[in-house]
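Report on the structure
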Amino acid sequence: MTTLIEPEEAAAGERPRQGVMDGGHRVATLGIVLVVTLLAFESMSVGTVMPAVAKDLDGLSLYAWGFSATLIAGLLSTVLAGGWVDRSGPARPFMIGLAVFVAGLAIAGAAPTMWLFVAGRAVQGLGSGVPMVALYVVIARVYPEHLRSRVFAALSAAWVLPSLIGPAVGGVVAEHLGWRWVFLGLIPLVIPPGLLLTPTLRGVRRSESAADGPGRTRYTAAIAAAGGAGLLLYGLGRTGWAMAPTALIGLAGLGYGLPRLLPAGTLRMRRGLPSVVIVRGLLSGAFFGADSFIPLTLTSLHGFSPTKAGVVLTVGALGWSAASQIQGRSKRSRAFFALLGAVFVAAGIVAVTVALQLSGWAAVPAWIVGGAGMGFAIGSLSVLMLDLSTEDEQGVNSSALQIADTLGSSLVVGAAGALVTGFGTGRLHLGLAAAGVMFAAIAAAGVVAALRLEARK
């Protein structure tokens, strides 16, 4: 693997070449990438097997909660993990989180009823949020600054294979072995990467200046945000004015919790770190919202088979991976790539929305642009977050970035679902077009926020 050499290193000739796979970082890099890859496989394959789960457990009424239970629990654990990692170091939170995730896999895989399956998915969410926050802190404290963008590029690449084959593998396993093995089969695969990372995790010290605890206010805010997200998603998933009070209560919970969980000024796009977080949420919401409705549009309006529809999502993943590698090896500023990525995401969404009204295959080149935008932006925003965080805030701010990801994608998808449902099946094409306009508007807001990533000098 080619390595980057900083200009000052080349001039002085005093420090050896460094890369993410050199002797000092190889084990950490392999462990991080393997853990993220396996978490991604679970995330990408579960959608394929959910119809089989609902049919086998007679749980169609709880179908959506197979997804949202994981989301809400993951949001809560991500919030609480930030302060925990800062106080104790990443080793204990990571191992406990991974153990909880494995327990969730076992519960879901062995569940005799749909309610227990949903409980297992919630346990998975509680477990999966913690390791990701811990890994961000490991990246901040194990890798020198000039290698961090390349580590995040590797994390983006770790999602490519699961994006390409995860749904297909899940379908094959469910068809030939049974849906339970999609969950149970991951258990022996998750443990070895966790053990591989153990020496690195133990070598990362806790932050000496971290606060003693997140405080009651942060716990309350986390519960309010998670509960608010759940109520809002529940309300958006129903039709009629009867659900309006539920949605309003959900908004109130988010309104109370988010300002206490995100950096001050995030919702107002304040320059610097707050804009980094809001850009991440806006781009995730716009991109994953569009990504979720592309298959529905292709199959409903253009007669595509699920396999053909998957091709469009595949090229988006490939564009993401390629752009991520480019930004990871470039010497340009992270703010430049974050802005460039936001522009690409907005352009890709506009292009794919127009293309899908004309021809299904026209969406392929359009979605390469959208995927490339995410590849340019996501890793760059992660690096910016770490660069703008003091050591004792790295865990909390990593948590904020994960919150923005989770809420951005989930709430936008929920709102788009309500919008499409409101138009009805007879005007599905209009509903999908309206959703595309909404995604484009959110991406445009991301471009505006990306202009404010750098603090005034």
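Residues numbered from 1 in each chain as written. Predicted model: local features only at pLDDT ≥ 70, side-chain atom pairs only at ≥ 80, totals over all residues. Heavy atoms only, no water.

Let's talk about the overall build of the protein chain
Of the regular secondary structure elements, the protein chain holds 17 helices and zero strands. Split into buried and exposed, the 457 residues of the protein chain put 53% on the buried side. Of the contacts made within the protein chain by residues no fewer than 6 positions apart, 80% connect residues no fewer than 24 positions apart. (Helix = DSSP H or I, 4+ residues; strand = E, 2+ residues; numbered from the N terminus. Buried < 20%, exposed > 50% of the residue type's maximum accessible area, 1.4 Å probe, protein only. Contact = heavy atoms within 4.5 Å.)

A few points about the packing of aromatic side chains
Within this structure, the stated rule accounts for ten aromatic pairs. Aromatic side chains F287 and W367 sit 4.7 Å apart centroid to centroid with 5 degrees between the ring planes, which places their arrangement in the stacked category. Of this pair, F287 sits in helix α12 (residues 273–301) while W367 sits in helix α15 (residues 363–387); the two residues are 80 residues apart in sequence, bridging distant segments of the chain. In this pair, the class of F287 matches that of W367, namely buried. By way of ring pairs, the aromatic residues F287, F288, W320 and W367 are connected into one cluster. It is R332 that lies over the ring of F336; its NZ or CZ is 4.4 Å from the centre. (Phe/Tyr/Trp six-rings, centres within 6.5 Å; stacked < 30°, edge-to-face > 60°. Lys NZ or Arg CZ within 6 Å of the ring centre and 35° of its normal.)

Here we look at the side chain of R121
Position of R121 among the secondary structure elements: in helix α5 (residues 114–142). Exposure remark for R121: the relative accessible area of 3% places this residue in the buried category. Excluding residues within four positions of it along the chain, R121 makes contact with E42, V46, G66, F67, T70, A108 and F183.

Regarding the packing of helix α14 (residues 334–356) against helix α17 (residues 428–450)
Remark: α14 packs on α17, axes separated minimally by 9 Å, with the N-to-C direction vectors making an angle of 165 degrees. Taken together, the axis directions place α14 and α17 in an arrangement best described as roughly antiparallel. Crossing of α14 over α17 shows left-handed handedness. Contacts between α14 and α17 involve A338, L339, A342, V343, V345, A346, I349, V350 and T353 from the first element and A433, G436, V437, F439, A440, A443, A444, G446, V447 and A450 from the second. (Axes fitted to C-alpha atoms, helices over the stretch in contact; angles between N-to-C directions. Parallel < 35°, antiparallel > 145°, perpendicular 65-115°, else oblique. Left-handed = near helix turned anticlockwise from the far one by under 90°.)

Notes on the environment of G31
Among the structural elements, G31 can be located in helix α2 (residues 26–56). Sequence separation of G31 and P192 is 161 residues, and the distance between their C-alpha atoms is 8.7 Å. If sequence neighbours within four positions are ignored, G31 has contacts with P193, L196 and L197.

Details of the nonpolar core
Within the largest apolar cluster, 119 residues are counted, with the highest numbers of intra-cluster contacts made by F117, F183, I349 and L453. When residues in this core are grouped by element, the largest group, 13 residues, is from α12. (Core = buried A, V, L, I, M, F, W, Y, C linked by side-chain atoms within 4.5 Å.)

So, the pattern of salt bridges
Tallied over the full model, the rule gives two salt bridges. With a shortest N-O distance of 3.9 Å, R180 and D56 are connected by a salt bridge. With a gap of 124 residues between them, R180 in helix α8 (residues 180–184) and D56 in helix α2 connect regions that are remote in the sequence. The partly exposed category is assigned to R180, whose relative accessible area is 25%. Among the salt bridges present, the one from R280 reaches D405, with a minimum N-O distance of 2.9 Å. One end of the pair, R280, is in helix α12; the other, D405, is in helix α16 (residues 394–423), with 125 residues separating them in the sequence. For R280, a relative accessible area of 2% corresponds to the buried category. (Salt bridge = Lys/Arg side-chain N within 4 Å of Asp/Glu carboxyl O.)

Some points on the packing of helix α3 (residues 65–88) against α5
As a packed pair, α3 and α5 sit with axes 6 Å apart at the nearest point and diverge in direction by 35 degrees. Note on packing geometry: the crossing formed by α3 with α5 is right-handed. A breakdown of the residues in the contact of α3 with α5 according to their chemical character gives 15 nonpolar, eight polar and three charged. (Nonpolar A, V, L, I, M, F, W, Y, C, P; charged D, E, K, R; others polar.)

Overview of the environment of R92
Along the chain, R92 falls in helix α4 (residues 91–110). Sequence spacing of R92 and L201 is 109 residues, and the spatial spacing of their C-alpha atoms is 8.4 Å.

Quick word on a nonpolar patch on the surface
A cluster of nonpolar residues, V27, L30, L34 and L196, forms a patch on the protein surface that exposes about 290 Å² of accessible area. In terms of residue count, the dominant contributor to the nonpolar patch is α2 (three residues). Tracing the sequence through the fold places L30 in helix α2. (Patch = residues over 30% accessible without salt bridge, like charges linked within 9 Å, V, L, I, M, F, W, Y side chains within 5 Å. Areas by Shrake-Rupley, 256 points an atom, 1.4 Å probe, with all protein chains shown as cover.)

Describing the confidence of the model for the protein chain
Confidence in the prediction of the protein chain, expressed as mean pLDDT, is 78, and 82% of residues score 70 or more. Here residues 1–16 is modelled with pLDDT under 50, and outside its nearest four sequence neighbours on either side it reaches 24 contacts, counting other chains as well. (pLDDT = per-residue confidence, 0-100.)

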